[in-house]
Amino acid sequence: MNAGTDQASRMEVPHLLRVFPALTQAVPWSNLPGSSLPTPVEPLSVISERLWIKRDDLSNQLYGGNKSRKLAFILADLQQRGKRQLVTFGATGTNHGVATSLFCQRLGIDCTILLFDQPASQTVTRNYALMQRMGAHLIPCGSLANTVAHFYLWQRLKQPHAYFLFAGGSDVPGVLAFVNAAFELKEQIQQGLLPSPKVVICPVGSSATLAGLSLGMQLAGLAIDVQGVRVAPSHLGPFAACTPATIRRLMRRTYQYLKRRAPSLPDITLVTPTLLENYYGAGYGEATPEGLAAMRLLRESCGIELEQTYTAKAFAATLDIARTNPTHDVLYWHTFNSVDMTPLP
Ligand SMILES: *Cc1c(COP(=O)(O)O)cnc(C)c1O
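Since the structure is predicted, the reported quantities are computational estimates derived from the model, not experimental observations.

1. Some thoughts on the packing of helix H8 (residues 208–219) against helix H9 (residues 244–261)
No. 1: Look at H8 against H9: their axes get within 9 Å of each other, and the N-to-C directions meet at 50 degrees. As judged from the angle between their axes, H8 and H9 are oblique. When you trace H8 past H9, the crossing you get is right-handed. Where H8 approaches H9, its residues Ala208, Leu210, Ala211, Ser214, Leu215, Gln218 and Leu219 are matched on the opposing element by Ile247, Leu250, Met251, Thr254, Tyr255 and Leu258.

2. Points about the site of the ligand
No. 1: Residues in contact with the ligand amount to 14 residues; listed here are only the nearest, Lys67, Lys70, Ser206, Thr209 and Thr335.
No. 2: Separating an oxygen atom of the ligand from a backbone N or O atom of glycine 205 is a distance of 2.8 Å.
No. 3: Burial of the ligand by the protein chains amounts to 98% of its free accessible area of 390 Å².
No. 4: Mapped by element, the contributors of at least two residues to the shell around the ligand are helix H3 (66–80), strand S7 (199–204) and H8.
No. 5: If you tally residues by element for the shell around the ligand, the top one is H3, at three residues.
No. 6: The residue makeup of the shell around the ligand, split by class, is five nonpolar, seven polar and two charged.

3. As for the pairing of strand S3 (residues 85–91)
No. 1: Extensive coverage of S3 is indicated by the burial of seven of its seven residues.
No. 2: Each parallel crossover has a hand, and the one from S3 via helix H4 (residues 95–107) to strand S4 (residues 110–116) is right-handed.
No. 3: Here S3 runs beside strand S6 (residues 162–164); their pairing, made up of three bridges, is parallel. What sits directly across from glutamine 85, in S6, is alanine 162.

4. Topic: H4
Helical periodicity: at 3.6 residues per turn, an α-helix aligns residues three or four positions apart in one direction.
No. 1: The first and last C-alpha atoms of H4 sit 18 Å apart over 13 residues, in line with the 18 Å expected at 1.5 Å per residue.
No. 2: Of all 13 residues in H4, ten are buried; the element is thus mostly enclosed.
No. 3: Among all positions of H4, only Asn95, His96, Gly97, Val98, Ala99, Thr100, Ser101, Leu102, Phe103 and Cys104 are buried.
No. 4: On the buried face of H4, the contacting elements are H3, S3, S4 and helix H5 (122–133).
No. 5: Its side-chain oxygen at 3.1 Å from the backbone nitrogen of histidine 96, threonine 94 defines the N-terminal cap of H4.

5. Concerning the packing of H3 against H4
No. 1: Between H3 and H4, the shortest axis-to-axis distance is 10 Å and the interhelical angle comes to 45 degrees. The pairing of H3 with H4 is recorded here as oblique in orientation. Judged by the twist between their axes, the crossing of H3 over H4 is right-handed. Across from Lys67, Ser68, Leu71, Leu75 and Gln79 in H3, the residues of H4 making contact are Asn95, His96, Ala99, Thr100, Phe103, Cys104 and Leu107.

6. A word on the side chain of asparagine 180
No. 1: By the element assignment, asparagine 180 lies in helix H7 (residues 172–190).
No. 2: Among all residues touching asparagine 180, those that are not within four sequence positions of it are Pro14, His15, Leu16 and Phe73.

7. Some remarks on the pattern of salt bridges
No. 1: For the coordinates displayed, the defined rule picks out eleven salt bridges.
No. 2: One salt bridge in this structure joins glutamate 184 and arginine 69, with 2.9 Å as the shortest N-O distance. Placement of glutamate 184 in helix H7 and of arginine 69 in helix H3 is noted, with a sequence separation of 115 residues between them. Across the pair, exposure class does not vary: glutamate 184 and arginine 69 are buried alike.
No. 3: The closest approach of N and O atoms between lysine 259 and aspartate 267, which form a salt bridge, is 3.0 Å.

Conventions adopted
- Residue positions within a chain follow its written sequence, with the count starting from 1.
- Local features are withheld for residues below a pLDDT of 70 in this predicted model, meaning they are given only at 70 or higher, and side-chain atom pairs are given and counted only at 80 or more; totals for whole chains, interfaces and linings count all residues.
- Only hydrogens and water are set aside when side-chain values are computed; all heavy atoms of the structure are taken into account.
- Angles shown run from 0 to 180 degrees and are taken between the N-to-C directions of axes, each axis being a line fitted to C-alpha atoms and, for helices, limited to the stretch in contact.
- A helix here means a DSSP run of H or I that spans at least four residues, while a strand means a run of E at least two residues long, and both kinds are numbered starting from the N terminus.
- Note that the term roughly parallel is reserved for angles under 35 degrees, roughly antiparallel for angles over 145, roughly perpendicular for angles of 65 to 115, and oblique for everything else.
- For any helix crossing, the convention is left-handed if the near helix is rotated counterclockwise from the far helix by under a right angle, and right-handed if that rotation is clockwise.
- Contacts: residue pairs with any heavy atoms within 4.5 Å of one another.
- When at least one non-hydrogen atom of a residue lies within 4 Å of a molecule or strand, that residue is treated as near it.
- Any pair of nitrogen or oxygen atoms within 3.5 Å is treated as a polar contact; in protein, a donor-acceptor pairing is required on top of that, and neighbouring residues in sequence qualify only through side-chain atoms on both sides.
- To measure how exposed things are, a 1.4 Å probe is used in the Shrake-Rupley method; for residues, cover is taken only from the protein chains shown.
- The nonpolar class holds Ala, Val, Leu, Ile, Met, Phe, Trp, Tyr, Cys and Pro. Asp, Glu, Lys and Arg form the charged class, and all remaining residues, Gly among them, are polar.
- A simple rule labels every residue: compare its accessible area, found with a 1.4 Å probe on the protein chains alone, to the largest value its type can have, and call it buried under 20%, exposed over 50%, or partly exposed in between.
- By the criterion used throughout, a crossover qualifies as right-handed when its path from the first strand across the helix to the second strand runs clockwise, the strands pointing away from the viewer.
- DSSP calls a pair of strands paired once it identifies at least 2 bridges connecting them.
- To estimate the expected span of a helix, count its residues, drop one, and scale the result by 1.5 Å.
- Take a side-chain nitrogen of Lys or Arg and a carboxyl oxygen of Asp or Glu: if they are within 4 Å of each other, that pair is a salt bridge.

Here is the structure:
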């Protein structure tokens, strides 16, 4: 192997594993086809002087967004466990389902997705058709509660070759991807590509993005306040689903996983991240007026697309934070895919 190739492959190793080499053998990870990291950071100064965007919509040339980041760790975990089938669940228009079907198809993994109803939109219809085209087995289950019940029942039946993945890819491997993303941001700050932001804002559905970024900032020694915008219900019946406590639990499990594998990791007291509750509106997937206004503003001023379920609500919160804190550098973490999926076979 020549030096050039060697250097190229070393550059693709996740930042987290480069900073803590003890993790290299202990954390399954693979370079997904189309992977395009680090994602760019760009100023949104046409909107606000000290506003920035992290372009995770460009995280992968086949399908961008936050799900592709997670799947690099998740599918490596699946393969290391010798599994051949993946079972997950999500809403009818789940972005997680699209990303998972696509990379499962590429890697020859059989993919089954249980679906719960969500309000119709253009994105929802398109995503459903994409999952079908990419060969996923789709099983509509009606309500969210019914879907979750099916998922756990199926898991109980313990199929030896199946890997069960929580909605949104929010298990420890998915969170690791965003711990890694925090280290990626740290390097970009050190390179002078952006000032160290006071606040980072992201949408919160199944919570891996927020949990990973919050834990990652702490492990990377960055004094950045990570704020999540809740876009999913806080409770499912009597069960807490998206609350500061559930997010903290995900952070703790991930920290323990890492600490067991790399005892040299810093000792930290987990900070519970801020969860903004006022942008949720009438429900998951329901558009809000301030979200639609934020969507229009970003499209017209910068040509960047948001969607109504997650990113419009998170960007509406970002605009409020930037307006009320004009002296703070604020970074909006953009989690939506921007690759045009129409040419797909
Ligand atoms: C899934 C998703 C989110 C939510 O991320 P979580 O890690 O599940 O909280 C945010 N934005 C978009 C576009 C998504 O598809």
